[in-house]
Amino acid sequence: LASPSAPQLLSPLAPNRLLVAQAERKQNASPPTRSGMLAKGAAPPTMAGVGIVFQRETRSEHDGLVVEKLTPGGPALNSRRIEAKMRLICIGETDIRKLSAKEIAPLILGPYGSDVKLIFESGEAGNPDAQRFAVTLTRSIELG
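None of the values given here were measured: they were computed from a predicted structure. (Residues numbered from 1 in each chain as written. Predicted model: local features only at pLDDT ≥ 70, side-chain atom pairs only at ≥ 80, totals over all residues. Heavy atoms only, no water.)

## Overview of the sheet that holds strand S2 (residues 47-49)
Next up, step 1: Spatial strand order, S7-S2-S10: 3 strands in an open sheet with antiparallel pairing. Looking at the sheet topology across the chains shown, the edges are occupied by strand S7 (110-111) and strand S10 (141-142). (Pairing = 2+ DSSP bridges. Helix = DSSP H or I, 4+ residues; strand = E, 2+ residues; numbered from the N terminus.)

Encoded structure:
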């Protein structure tokens, strides 16, 4: 079992928190270089994330995910476009607002070095003035 301070990836023990990538886990073997690539000669991990910790919006289980925090040095933070409190509404072309955590995980996680397109919304949910934008990130945060 994990320590209480380290939430589990899509764990039923932490239903309101979704950990998509956590830099503190298993980065001692082959940490990425500044460019996000693995150290020379290191084998890439099988699955990776983009460095975002999400929290489910509390109004309803199916309102979407809100960015809680970004992993230092991760692709999401390095993009300089994603901030806390932004809502994730689509992964690729899939609207995730009505999907369960179990359905979302395989969409956002993927092979190390692969790209994932995320569409975020800032502002209040349902606000017609809410801004939407897409960002493509390369999965490079190793999952433990």
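## A look at unusual backbone geometry
Next up, step 1: Residue Arg80 is not a glycine yet carries a positive backbone phi of 60°.
Next up, step 2: Residue placement: Arg80 occurs in the loop between helix H1 (75-79) and strand S5 (87-91).
Next up, step 3: On the basis of relative accessibility, which here comes to 78%, the residue Arg80 falls in the exposed class.
Next up, step 4: Phi is positive for Lys85, close to 80°, though the residue is something other than glycine.
Next up, step 5: For Lys85, the location among the structural elements is in the loop between H1 and S5.
Next up, step 6: Judged by relative accessible area, Lys85 falls into the exposed class, the value being 70%. (Buried < 20%, exposed > 50% of the residue type's maximum accessible area, 1.4 Å probe, protein only.)

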